[in-house]
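Structural characterization, general
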Amino acid sequence: MNKCLIVLDVQRGLTMQRDVSATVSKIESVMATFEKMNWPMVFTKHIDEQHEESSLYRGKADHLEIVVDTKQHLVLEKNKPNAFSNSELKKWLCDQQVEHVFIVGFNMEYCCLFTAIAAEHEGFKVTLLEDAAGTVNTEETYDMEGLDIPDFIGTILNWSGCIEVLYTDEFSDVYCHGTEK
């Protein structure tokens, strides 16, 4: 089954908002695994065209926080939480004969959630790597004391029965050591 990593919005406009270095490190680790396995990757950048005060406003801090070889990997822009809102994504995945997408990036409760649901709706097998999908938001953002946003969203997606949710070490065990489901 052809696999692809979708890396959502690991860009300076988000990562500068709080310390998300642990999540970025996990994302880079997954990227290294995909490189080693010679599996394709696609990257997205969320661009806000309407609100100049936004940290994601075009040209403000919209560059990727991670190093990406743009000659080897596709980088798509989007302006909605669902990466499939950019129709080039599905076309590119189909051209690559991808059947299974793995999702990492930011923000878990928006772009990761919406993209995972949309990918499943588009007919792809979907795995979200919970510890490589983070957020710059906190329990205070939503006024929900004790809320662990990545865990909450990961649990919802996992319980859906439609989307596989793994941690990066489980991903490595399941998909990189010949024990694929």
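Residues numbered from 1 in each chain as written. Predicted model: local features only at pLDDT ≥ 70, side-chain atom pairs only at ≥ 80, totals over all residues. Heavy atoms only, no water.

Some words on the side chain of Asp9
For clarity, the threshold we go by: Segments assigned H or I by DSSP are reported as helices when at least four residues long, segments assigned E as strands when at least two residues long, and all are numbered from the N terminus. Residues adjacent in sequence count toward polar contacts only when both atoms are side-chain atoms; beyond that, a polar contact is any pair of N or O atoms within 3.5 Å, and within protein one must be able to donate a hydrogen and the other to accept it. Residue contacts follow a heavy-atom distance rule, with two residues in contact if any of their heavy atoms lie within 4.5 Å.
Within the secondary structure, Asp9 is located in the loop between β1 (3-8) and α1 (12-15). Here the side chain of Asp9 touches Thr44 through a polar contact of 2.8 Å, side chain to side chain. Sequence-distant contacts of Asp9, that is, excluding residues within four places in its chain, are made with Leu14, Thr44, Lys45, His46, Lys78, Phe106 and Cys111.

Some details on the pattern of salt bridges
We apply this condition: Just to be clear on terms, a salt bridge is a Lys or Arg side-chain nitrogen sitting within 4 Å of an Asp or Glu carboxyl oxygen. Buried means the residue's accessible area, taken with a 1.4 Å probe over protein chains only, is under 20% of the maximum for its type, while exposed means over 50%, and partly exposed covers the values in between.
The tally for this structure, following the rule as stated, stands at six salt bridges. Residue Asp9 pairs with Lys78 through a salt bridge whose shortest N-O separation is 2.9 Å. Here Lys78 lies in strand β3 (residues 74-78) and Asp9 lies in the loop between β1 and α1, a separation of 69 residues in the sequence. The two residues Asp9 and Lys78 agree in class, both being buried. Asp131 is the partner of Lys26 in a salt bridge, and the nearest nitrogen-oxygen pair spans 3.4 Å. Of this pair, Lys26 sits in helix α2 (residues 21-37) while Asp131 sits in strand β5 (residues 125-134), and the two are 105 residues apart along the sequence. Judged by relative accessible area, Lys26 falls into the partly exposed class, the value being 34%. In this structure, a network of salt bridges that share partners links the residues Glu49, Arg58 and Glu77.

A few points about the nonpolar core
Put simply, the rule is: Here, nonpolar core refers to any group of buried Ala, Val, Leu, Ile, Met, Phe, Trp, Tyr and Cys residues whose side-chain atoms link them within 4.5 Å.
Membership of the largest hydrophobic core comes to 30 residues, with the highest contact counts inside it found for Ile6, Leu89, Leu93, Val101, Ile103, Val126 and Leu157. Elements with a contribution of two residues or more to this core: β1, α3 (88-95), β4 (100-106), α4 (108-121), β5 and α5 (149-159). Discounting chain neighbours no more than four positions away, the residues touching Val126 are His100, Val101, Ile103, Ala116, Ala119, Glu120, Ile163 and Glu164. Of all hydrophobic cores here, the second largest spans 28 residues; its members include Val20, Met41, Val68 and Val136.

Regarding the layout of surface pockets
Put simply, the rule reads: Grid spacing is 1 Å over the protein atoms alone, the probe is 1.4 Å, and a cavity is where that probe fits but cannot get out, while a pocket is an open set with protein on both sides within 12 Å along at least five of seven lines and lining residues have an atom within 4 Å of a point. Grid points are joined across faces, edges and corners, and a volume is the space filled by probe spheres set on the points. Note on residue categories: nonpolar means Ala, Val, Leu, Ile, Met, Phe, Trp, Tyr, Cys or Pro, charged means Asp, Glu, Lys or Arg, and polar means any other residue, Gly included.
Quantified by volume, the largest pocket comes out at close to 330 Å³. Around the largest pocket sit 20 residues that line it, and Leu14, His46, Leu56, Asn107 and Tyr110 are the ones nearest its centre. Looking at the lining of the largest pocket, its residues break down into eight nonpolar, nine polar and three charged. Each pocket or cavity is described by its volume, and for the second largest pocket that value is around 190 Å³. Around the second largest pocket, the lining is made up of 14 residues, and of these Arg18, Thr23, Thr135, Asn137 and Pro150 lie nearest the centre. Mapped by element, the contributors of at least two residues to the lining of the second largest pocket are α2 and α5. Here the lining of the second largest pocket is composed, by residue class, of five nonpolar, five polar and four charged.

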